[in-house]
Amino acid sequence: MTSRFVIAAVAAWLVAAGAAAQTPPPPAEPVGSKLIEIYRLAPGQHEAFLRAIAQYDEANRRAGIPPRQLYVHSDGASWDFLLIQDAEYPEGKGPLVTKAFKDLGLPSGPRFFTEFRKFITEHTDTFASGPTTAAAYLAALDATPRVAADGGAGPDTAHYELTRTVALGGTPRWDYLQVDSPARRLYLAHDATVDVLDLGTQTVVGRVNGLAGAHGIALAPGLDRGYVANGDRQSVSAFSLATLRIVGEARTGREPDSVTFEPISRRVFVWNGGSRDVTILDAATLHAVKTLPLGGTPEFAVADGRGAVFANIAETHEIVRIDAAGATIAARLPIAGCESPGALAFDSSLRRLFSACGNGVLIALEADTGKALGSARIGRGADAVVFDAAGSRVLVSSVDGTIAVIAVSADGTLRELPGVQTRATGRTMAFDPATGTVFVPAVDITVDWTGRTASFVKDGLKLYVFERRAP
């Protein structure tokens, strides 16, 4: 995900949801998840609020989605309106709603946030599952594995504490991070550079310069090479890990995004969002091996260390498995219930994949068979997933300023643990397996209420460091 889309995503989140909510386990029979929003309105804004909601309902109607349920509280001071709607758009309906908003001339992105906010004095929301019955829900609770006797999250009550903030400044364009734990370095794609930080001192110790819209980063320490995608000039640059100087460049497809190094074949995979293919290069020479069409937009990808590479494909709701040596697609693994799969992580020990989906769900599946193992709720706009092997948990960072922390059981089922509040715009993340430390870049946002616009703060990019604390 490129940083130019972040502010719009954050603005939509600020209006629609707020912090991620915890929900109880679903009943045995599937029931709908509802978003319940409660509004207390500013004086004189009641009619304007209703007209706005009616317009948004019209956009939903054009996309084939029923209107929100509206309840009015007219004789008290606690709340004015209560709205109930499905927590997620039906699969494939999101783009239709976006088009309807555009056709109707309705505000979107930062304008939606600033224009809608003027109606509101107070707003809260929550998620609820139903309708169901007491008997059905009790049956579901009985079938759910018990956690701690006190009703807490279970034995793993470790938390993550913000211990340092590193000012990076520069432009507010950033993307992926990569940790080289043995070398104690962190690499952060930052517009025309890659910022390099020492993990011990958590300070910037160097930069890779001469880039153009840096996105994905891959490291090959055995070759003294790093690779970074140049989204603005349709290429990938190779640099020396020792000197941080660029040592080569190769053409790619359109809009190169993430980059993966596959160690068995010693090949670099550059995933091109614009041309919906992957450029496969020899890691040592950068000579082109093949351009492989994927049938959809590739998002993040991971190598399994055995000669296979897995990549999420957004439109087709699947993971492709590529044979690195043969440069061919070996399998397509559908991800049921996953809309716009993006970030991806891999458990190399048990060979499991964890895919973060655009509809706010993390799905675990077997890498070799594609069998679904479990799912859990995550934040909106998730753009990074890491697997913490030592703690047997998955961390998912989202643009809404949260990190979902998900425990992984022996059978692959998932259980939500207390999450981490980071900063709005903090969509990407890196994880140091040696210390359990999490790194999240984010930029401050300022809102001009007079002009009703929102923008990034100049030189406001920072790296937030969260250290894991034992229970």
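Our structure is the block above this text.
Below you will find a few notes about this structure. Note that the structure is a prediction, hence the values are computed from the model and not measured.

**Digging into the pattern of salt bridges**
Piece 1. With the rule as written, the count across this model stands at 22 salt bridges.
Piece 2. The partner of Glu 161 in a salt bridge is Arg 469, with the nearest N and O atoms 3.3 Å apart. Remark: Arg 469 occurs in strand E32 (residues 453–469) and Glu 161 occurs in strand E5 (residues 159–167); sequence separation between them is 308 residues.
Piece 3. Looking at Arg 469, the relative accessible area reads 29%, which means it is partly exposed.
Piece 4. Glu 467 serves as the salt-bridge partner of Arg 469, at 3.2 Å between the closest nitrogen and oxygen.

**Regarding the state of the cysteines**
Piece 1. As enumerated under the stated definition, the model contains one disulfide in all.
Piece 2. The residue that forms a disulfide with Cys 338 is Cys 357, at a sulfur-sulfur distance of 2.1 Å. Taking the torsion about the sulfur-sulfur bond, which here is approximately -110 degrees, the covalent link between Cys 338 and Cys 357 counts as left-handed. One end of the pair, Cys 338, is in the loop between strand E21 (328–334) and strand E22 (344–347); the other, Cys 357, is in strand E23 (residues 352–357), and 19 residues separate them in sequence.

**Thoughts on the packing of aromatic side chains**
Each pair of aromatic rings is reported with the distance of its centres and the angle of its planes.
Piece 1. Overall, the coordinates contain nine aromatic pairs when judged by the stated rule.
Piece 2. Between Phe 49 and Phe 119, the ring centres sit 6.3 Å apart and the planes meet at 90 degrees, which makes this aromatic pair edge-to-face. Of this pair, Phe 49 sits in helix H2 (residues 46–62) while Phe 119 sits in the loop between helix H4 (109–117) and strand E4 (120–129), placing them 70 residues apart in sequence.
Piece 3. A relative accessible area of 0% places Phe 49 in the buried class.

**Some details on the nonpolar core**
Piece 1. By size, the foremost hydrophobic cluster in this structure holds 19 residues, and its most contacted members are Tyr 39, Phe 49, Tyr 56, Phe 101, Phe 116 and Ile 120.
Piece 2. Looking at this core, the elements with two or more residues in it are strand E1 (33–41), H2, strand E3 (81–86), helix H3 (94–103) and H4.
Piece 3. In terms of residues, this core owes the most to one element, H2, which gives five residues.
Piece 4. Residues within four places of Ile 120 in sequence aside, it is in contact with Tyr 39, Arg 40, Leu 41, Ala 42 and Phe 49.

**Focus on the pairing of strand E29 (residues 414–421)**
Piece 1. Alignment of strand E28 (residues 402–408) against E29, held across six bridges, turns out to be antiparallel. Each bridged residue has a counterpart across the sheet, and for Val 405 the counterpart in E29 is Leu 417.

**Focus: H2**
Piece 1. Along its 17 residues, H2 runs 25 Å from first to last C-alpha, staying within 8% of the 24 Å computed at 1.5 Å per residue.
Piece 2. For H2, the full list of buried residues reads Phe 49, Ala 52, Ile 53, Tyr 56, Asp 57, Ala 59 and Asn 60. The arc that holds every buried residue of H2, seen down its axis, measures 155 degrees, which confines them to one face. More than 90 degrees from the buried face of H2, the exposed residues found are Glu 47, Arg 51 and Arg 61.
Piece 3. Just beyond H2, the residue with positive phi is Gly 64, at close to 80 degrees.

**Comments concerning the packing of H2 against H3**
Piece 1. Two elements in contact, H2 and H3, have axes separated by 8 Å at closest approach and are oriented at 130 degrees. Of the possible angle classes, the one that applies to H2 and H3 is oblique. Pair H2 / H3 crosses with right-handed handedness. Along the contact surface, H2 presents Tyr 56, Ala 59, Asn 60 and Arg 62, while H3 presents Val 97, Ala 100, Phe 101 and Asp 103.

**Some words on unusual backbone geometry**
Piece 1. Positioned with a positive phi, Glu 255 is a non-glycine residue whose angle comes to about 55 degrees.
Piece 2. Phi angles above zero are rare outside glycine, and Arg 266 is one such case at about 55 degrees.
Piece 3. Along the chain, Arg 266 falls in the loop between strand E14 (256–262) and strand E15 (267–272).
Piece 4. Judged by its relative accessible area of 47%, Arg 266 falls in the partly exposed class.

**Observations regarding the sheet that holds strand E25 (residues 372–377)**
Piece 1. The strand order across the open sheet built from four strands is E22-E23-E24-E25, with neighbouring strands paired in antiparallel fashion. Looking at which strands have only one partner, the edges of the open sheet turn out to be E22 and E25. When the angles between neighbouring strand axes are averaged without regard to direction, this sheet yields 20 degrees.
Piece 2. Relative to strand E24 (residues 361–366), E23 is paired through six bridges, and the arrangement is antiparallel. Each bridged residue has a counterpart across the sheet, and for Cys 357 the counterpart in E24 is Val 361.

**Topic: the pairing of strand E8 (residues 193–198)**
Piece 1. Within E8, five of the six residues are buried, which leaves it mostly tucked inside the rest of the structure.
Piece 2. Sheet analysis places strand E7 (residues 185–190) next to E8, joined by six bridges and oriented antiparallel. Looking at the pairing, Ala 189 lines up with Val 194 of E8.
Piece 3. Connecting E7 to the antiparallel partner E8 that follows it, the hairpin turn spans two residues, and Asp 191 within it adopts a positive phi of roughly 60 degrees.
Piece 4. Bridge count for E8 against strand E9 (residues 203–208) is five bridges, and the pairing is antiparallel. When the bridges of E9 are listed, Val 196 appears paired with Gly 206.

Rules used throughout
Residues numbered from 1 in each chain as written. Predicted model: local features only at pLDDT ≥ 70, side-chain atom pairs only at ≥ 80, totals over all residues. Heavy atoms only, no water. Salt bridge = Lys/Arg side-chain N within 4 Å of Asp/Glu carboxyl O. Helix = DSSP H or I, 4+ residues; strand = E, 2+ residues; numbered from the N terminus. Buried < 20%, exposed > 50% of the residue type's maximum accessible area, 1.4 Å probe, protein only. Disulfide = S-S within 2.5 Å. Phe/Tyr/Trp six-rings, centres within 6.5 Å; stacked < 30°, edge-to-face > 60°. Core = buried A, V, L, I, M, F, W, Y, C linked by side-chain atoms within 4.5 Å. Contact = heavy atoms within 4.5 Å. Pairing = 2+ DSSP bridges. Expected span 1.5 Å × (residues − 1). Arc of directions from axis to C-beta. Axes fitted to C-alpha atoms, helices over the stretch in contact; angles between N-to-C directions. Parallel < 35°, antiparallel > 145°, perpendicular 65-115°, else oblique. Left-handed = near helix turned anticlockwise from the far one by under 90°.

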